[in-house]
2 protein chains.
Amino acid sequence: MSDTRYICPHSSRPTWRRDRRKNDALADLFSRRPLHYRAREHLFLEGDSCEGVFLILSGTVIVYTMTLNGQRQIQNFAGAGELLALNFSGNHTTSAQALTDVTVGILPRLAFNQALQTSDRFRPTIFERIDEMLDAARRQAMLLGCKGALEKTATFLLDLENGGEGSQGQFIPIPMSRCDIADFLGLTLETVSRMLGRLKRQDIIDLPRADCFRIKDPKRLAQIAGLETDFGHMCGNPDRF
Amino acid sequence: MSDTRYICPHSSRPTWRRDRRKNDALADLFSRRPLHYRAREHLFLEGDSCEGVFLILSGTVIVYTMTLNGQRQIQNFAGAGELLALNFSGNHTTSAQALTDVTVGILPRLAFNQALQTSDRFRPTIFERIDEMLDAARRQAMLLGCKGALEKTATFLLDLENGGEGSQGQFIPIPMSRCDIADFLGLTLETVSRMLGRLKRQDIIDLPRADCFRIKDPKRLAQIAGLETDFGHMCGNPDRF
DNA sequence: CGGTCACTTGACGTGACTCAAGAGTAGTGG
DNA sequence: CCACTACTCTTGAGTCACGTCAAGTGACCG
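Procedures and definitions
- Residues numbered from 1 in each chain as written.
- Chains lettered and ligands numbered in written order.
- Predicted model: local features only at pLDDT ≥ 70, side-chain atom pairs only at ≥ 80, totals over all residues.
- Heavy atoms only, no water.
- Near = heavy atom within 4 Å.
- Polar contact = N/O pair within 3.5 Å; in protein donor to acceptor, adjacent residues only side chain to side chain.
- Helix = DSSP H or I, 4+ residues; strand = E, 2+ residues; numbered from the N terminus.
- Nonpolar A, V, L, I, M, F, W, Y, C, P; charged D, E, K, R; others polar.
- Pairing = 2+ DSSP bridges.
- Contact = heavy atoms within 4.5 Å.
- Axes fitted to C-alpha atoms, helices over the stretch in contact; angles between N-to-C directions.
- pLDDT = per-residue confidence, 0-100.
- Least-squares fit on C-alpha atoms with pLDDT ≥ 70 in both.

1. Regarding the protein's contact with DNA strand C
Then, number 1: Close to DNA strand C lie 15 residues, the nearest being Ala149, Thr191 and Arg194 of chain A together with Arg178 and Ser193 of chain B.
Then, number 2: Near the protein, meaning within 4 Å, the atoms of DNA strand C are sugar or phosphate in a fraction of 65%, with bases accounting for the rest.
Then, number 3: One nitrogen or oxygen atom from the side chain of glutamate 190 of chain A is found 3.2 Å from a base nitrogen belonging to DNA strand C.
Then, number 4: In this structure, arginine 194 of chain B approaches DNA strand C through a side-chain N or O atom, which is 3.0 Å from a base nitrogen.
Then, number 5: Counting only elements with at least two residues in the surface near DNA strand C, the list comes to α6 (189–201) of chain A together with α6 (189–201) of chain B.
Then, number 6: Tallied by class, the residues present in the surface near DNA strand C amount to 3 nonpolar, 6 polar and 6 charged.

Structural data, given as structure tokens:
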């Protein structure tokens, strides 16, 4: 698709998620009454009335929606420092499920709106987050609409690495199942497994166990993910090796 | 993907775009200095510095991003009453191109921020729009990640119909090319054409010319789009007829 | 009337899904 | 410590939906 008359982006614009550990003006407001959820518990369901805005203090939350025929699209794996249910209408438009054990702070809708109105420190922070969410949604659309299975998987691994500390060459945990990854990337769990296997066999990643990995060749991984121009012409090549 | 332990949505939640013709508190603020663009002109490019927020007064704008290997993902076809460049950081994260001739109002960043701060009528309107944009992005992710080609095409037609007036059974123009539709749905233009042909042959839509259509069987179209539970079990059936 | 352009249609190839079997890994109980 | 179970993950073989390539059709325009 697309033809030559469309104009290319000025930069590759990696737009990684901001550092989630600096919780800025938020933590103090939200930490009034922290709540705990066990892994697999639901924080809320699509359609539920929305009591307030959530700030994740620890753990990871799966934000997803379901189709009528029972397919799940994971919108986001939200980690510490991220906001949930930042909608201003009455009801939740997604479901949220704890992937790991999770702690959240809740800011009731009224207090949230009030803070938006009064606090000149709070408002820009919220808008910054909204920006990030919109941008993340756009990148997700690009991923789902434009990329192939290997590209998607590579992108996912790079995002995972970037979500963790700046741990160069260290092992990074994969907290979610293959099924979760598949529902996030719009693939099947078998395909995800195959693509991981391919990256492993090509010596681009280390995958000693199913639930953690290490990037051995960041450059090639980025190329495969479509984040750098590809000089080696080895992007979509088959497995044979 | 997905298995039985995930919980289904409470409602089908069609969440159609709001009526764009009621421009609420926005029109007066934005209409100070209206600008005109010819079809195919660019309003701005990804990476450009962002002078202000755009309100579309008339026409349709293609909001898109490009991958490094030259693929285009159309994020949105934005019509009259919709906001563009509602980002709070310095640079545009998408490109915007006029599909038809377009008139827009621009509100400079400073004035926008000020209005947000001071006007209690303006702020909720903006948040409402942000909600809509986030929700649209989520639905787009579902479309791209979960749906097949026929499902996507049907969904697109229903969205188009809903974007126009509440014209029951009337012909609806298709202002964009097959290529645009394809880049929006994550398909090829050939596949889009084939799916439209299939819907036409099955007597679900009328397609007398390439650039307008009419829905003949809304119920079946909605079923195919995955918006209603399917009793006929004819959703994914092949073309043969 | 001939040229250009977008759309349509067909034949073919292939990437990802489906179905099904096997391999780890963790947890439980004797 | 070693079965035995119950997972999830991996791997393979076959199928199908969608993409690719290419030819054909129709509308618009000079």
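2. What about the sheet that holds strand β11 (residues 212–215) of chain B?
All names here are of chain B.
Then, number 1: Strand order across the open sheet formed by 3 strands is β9-β11-β10, with antiparallel pairing between neighbours. Strands at the two margins of the open sheet, each flanked by one partner only, are β9 (172–173) and β10 (205–209).
Then, number 2: Pairing of β10 with β11 involves 3 bridges; the strand directions are antiparallel. Within β11, the residue paired with aspartate 206 across the bridge is arginine 214.
Then, number 3: In the packing of helix α4 (residues 149–163) onto the sheet, the strands contacted are β9, β10 and β11, and the crossing angle to β11 comes to about 95°.

3. Digging into the confidence of the model for chain A
Residues and elements named next belong to chain A.
Then, number 1: Scored by pLDDT, chain A comes out at a mean of 86, with 83% of its residues at no less than 70.
Then, number 2: With pLDDT under 50 throughout, residues 8–21 is counted as low confidence; its partners more than four residues away or in other chains account for 33 contacts.
Then, number 3: A low-confidence stretch, residues 231–241 (pLDDT under 50), is modelled with 13 contacts involving residues beyond four sequence positions or located in other chains.

4. Let's talk about the relation of the copies chain A and chain B
Then, number 1: After a rotation of 180° and a shift along the axis of 0.0 Å, chain A superposes on chain B with an RMSD of 0.0 Å. Given the turn and translation reported, the copies of this chain are related as if by a two-fold rotation axis.
Then, number 2: Interface overlap between copies: 100% of the residues of chain A at the interface are likewise at the interface in chain B, consistent with a symmetric, same-surface contact.

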